[in-house]
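Observations on chain architecture
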Amino acid sequence: MSPVRSDITEAGVAILTIANPPVNALGAAVRGGLLEQLTQAQANPAVTAIVIAAEGKVFVAGADISEFGKPITPPSLPDVLTAIERSPKPVVAAINGMALGGGLELALACHARIVPPGAKLGLPEIKLGIIPGAGGTQRLPRLIGAAPAFAMMASGEPVTADKALANGLADEVVDSDLLAAASAHALRLAEAGAWRLSGTAEGKVDEADRAAFEIAAADAIKKAPRMPNVKALALSVRTGLDKGLTEGLATERAAFLNLVKDPTSKALRHLFFAEREAARVPGIGKEVKARPVGKAAVIGAGTMGGGIAMCFAQAGIPVTIIEVKEEALAAGLARIRANYETSVKRGSLSQAAMDRHLGFVTGAVGMEAAADADIIVEAAFEDMGVKAEIFGALDRIAKPGAILATNTSYLDVNAIADTTSRPQDVVGLHFFSPANVMRLLEIVRGAKTAPDVLVTSLDLARKIGKLPVVVGVCYGFVGNRILAKRSQAAERILLAGALPHEVDAAVTDFGFRMGPFAMLDLAGLDIGWRSRKVTGVKAPVGDGLCEQGYFGQKTGRGFYRYPDGARKGERDPDTEALITRLSEERGIVRRSFSNEEIIARLMYPMVNEGAKILEEGIAARSSDIDVVWVNGYNWPNFTGGPMHWAEGVGLSRIVEALETFAAETGDESLQPAPLLRRLAEGSGSFADKDAA
Ligand code: 3H9
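Quick look at the pattern of salt bridges
Opposite charge on two side chains permits them to pair, given that their charged atoms come into close proximity. Evaluation of the coordinates by the stated rule reveals 42 salt bridges. Notably, a salt bridge pairs aspartate 667 with arginine 492, separated by 3.4 Å at the nearest N-O pair. Remark: arginine 492 occurs in helix 18 (residues 479-496) and aspartate 667 occurs in the loop between helix 27 (651-665) and helix 28 (674-683); sequence separation between them is 175 residues. Accessibility expressed as a relative area gives 23% for arginine 492, which makes it partly exposed. For the salt bridge of glutamate 659 with arginine 677, the shortest nitrogen-to-oxygen distance reads 2.5 Å. Of this pair, glutamate 659 sits in helix 27 while arginine 677 sits in helix 28, placing them 18 residues apart in sequence. The class of glutamate 659 is partly exposed, set by a relative accessible area of 30%. Judged by relative accessible area, which is 26%, arginine 677 ranks as partly exposed. Each of Arg210, Glu214, Arg238 and Asp242 takes part in salt bridges that share partners, so that together they form one network.

Digging into the packing of helix 24 (residues 595-615) against helix 25 (residues 622-632)
Two elements in contact, helix 24 and helix 25, have axes whose closest approach is 10 Å; the angle formed by their N-to-C orientations is 130 degrees. Between helix 24 and helix 25, the angle is such that the two are oblique. The interaxial crossing formed by helix 24 with helix 25 has right-handed handedness. Contacts from Met606, Gly610, Ile613 and Leu614 in helix 24 reach Ser622, Ile625 and Trp629 in helix 25. Residues belonging to the contact of helix 24 with helix 25 are distributed by class as follows: five nonpolar, two polar and no charged.

Conventions used here
- Residues numbered from 1 in each chain as written.
- Predicted model: local features only at pLDDT ≥ 70, side-chain atom pairs only at ≥ 80, totals over all residues.
- Heavy atoms only, no water.
- Salt bridge = Lys/Arg side-chain N within 4 Å of Asp/Glu carboxyl O.
- Helix = DSSP H or I, 4+ residues; strand = E, 2+ residues; numbered from the N terminus.
- Buried < 20%, exposed > 50% of the residue type's maximum accessible area, 1.4 Å probe, protein only.
- Axes fitted to C-alpha atoms, helices over the stretch in contact; angles between N-to-C directions.
- Parallel < 35°, antiparallel > 145°, perpendicular 65-115°, else oblique.
- Left-handed = near helix turned anticlockwise from the far one by under 90°.
- Contact = heavy atoms within 4.5 Å.
- Nonpolar A, V, L, I, M, F, W, Y, C, P; charged D, E, K, R; others polar.

Dropping the structure here:
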């Protein structure tokens, strides 16, 4: 059955309705259906005007991204849109919800756009490493001006109905009977006979707008040097301004088709699907229902506990923060208020929203206050004894069926679960700091965690705006376990001859916002030092700095020095002398490393650990590892995450290099993981393994 149907009203309006759940993406069948119904409506003498509408909550979420990179089945979207634009009968878009990407381009080719108050209109292609490829770079500037259009396309952020009405993108905002309003609008256009002169026709260039566009374009290109699509976007808009619609469209289309093939876009599309795939847990189907969560409690009012409580409050879930002492509780509650006040001062939050959020937060001393919570998140000190005590108490206090979650970053969730009589209700919820800002949430599935506890956690994650990835129990789970490998590699390369600023420069050049040593200095070197004392792992440079009381930024000295409270470190001759001395003591002849070598030495062991994590089933898919590292550790998204990146490098090249590193250092843990070897030897890729 065609995903586009046509109903003709008594007044002679053909309503073409797109029904292609879940988001009405413009796949081949929809494009074909639209063109066919359009042609029939145009030929039908009983039809005076046409409305394009859609079923469901979303109008159209854009082109079908899964078709990208495959041969295009005709008709192409640009061809369908040209047919709409040139229609001998007016066509009006009835935008029932979100119109994104190709969905907005479809609406732009129509002769008017009618929206309800909740509609959102945007061209998010930039986030997928491409540009609008069906006229968006031409029709939007003609409708609302080049500078505002460029701003929308370069940010990828949608605008609201009100904004769309104000800038001319929407013709009417109606809060009831969208179809009737769109039909009436279409009939009015037919009667006036002026629809072909709608805003998308050739217009004259406004010099001030043109100048503002050029400034914005130069700025956007400068800010995103790794994104070839930003330059292409500016070029397409400019060509349209200088040479007219036809040439503008041709330039846009050529750039779009090129960008789709570019590794940047492939990486970003990989992440788009990976993020959505991560929410699926193999073996747990739709029949497993979430437990109701109407009330939450957080144990611990520290930075982490406070941030977690803010997540609940912002989602409208009443939350009680619990502390042992009144002073700690008061300090925690004050910190939450101060955080919100800062946002209000910055203008990113309204006073009303702040008051609403705070209305959902209460504080209490004593764990009894958790008795009526449906979920309790423990965010106390990272110590097994402390956790065991808390979970023992919660076991006595929490109501039956309540989910008992731990925010541990490293500890054994199974051991924590076993301190209770209800291990099936225990799960790890590893938030990242700051918890109210960072999107990633590792959901740690214990050996006995019940399926409905996992489903509830996933459901809750979405409600509080997090990006969940389900992981298994091991030291550090997915993210921190791989981070440990990078930290070890970074230490190793210092002893071998590189200096902190060289390593950090290579890593930022690779695309991270910060290098590992600047990061360690920011977080505080004492954290790792303390945990190494427990695990027995050695980091000679880090340990040496801590022994001198150099804990990073907070002490003004670390891998770098921070004179007068500076936030950006400068090279520290003492630290560099310490590194050189440590190399000498080990009989290491220091040598220099190129950026490429630094990246290989840091990142290949991470990929290797990722392969081990996959093999052990700690992550269900390699793409889950990518999602964790891109969203929790700032791995550059335009490379798709460590595992996707590794496939681009070549798995056999990585295996060979790891063998060399292992031989050079005598560190057997650097030997390639069996899975990595098998894949490198030709039995497939990480992506194939995921698909299987
Ligand atoms: C484009 O339009 C290019 C044109 O300029 C040129 C063409 C020539 N395609 O996100 P959700 C799937 S580029 C294919 O979980 P939500 C998604 O994978 C496109 N599939 O729902 C998921 O599948 P599954 C520009 C798509 O309610 C399911 O739909 N547009 C597409 O949280 C539900 O998605 C965009 O970049 C798609 N375009 O959010 C918008 N979109 O259930 C991309 C979604 O199997 N989409 N799916 O995992 C979105 O931002 C969100 O999906 C949306 C709904 C906000 C619409």
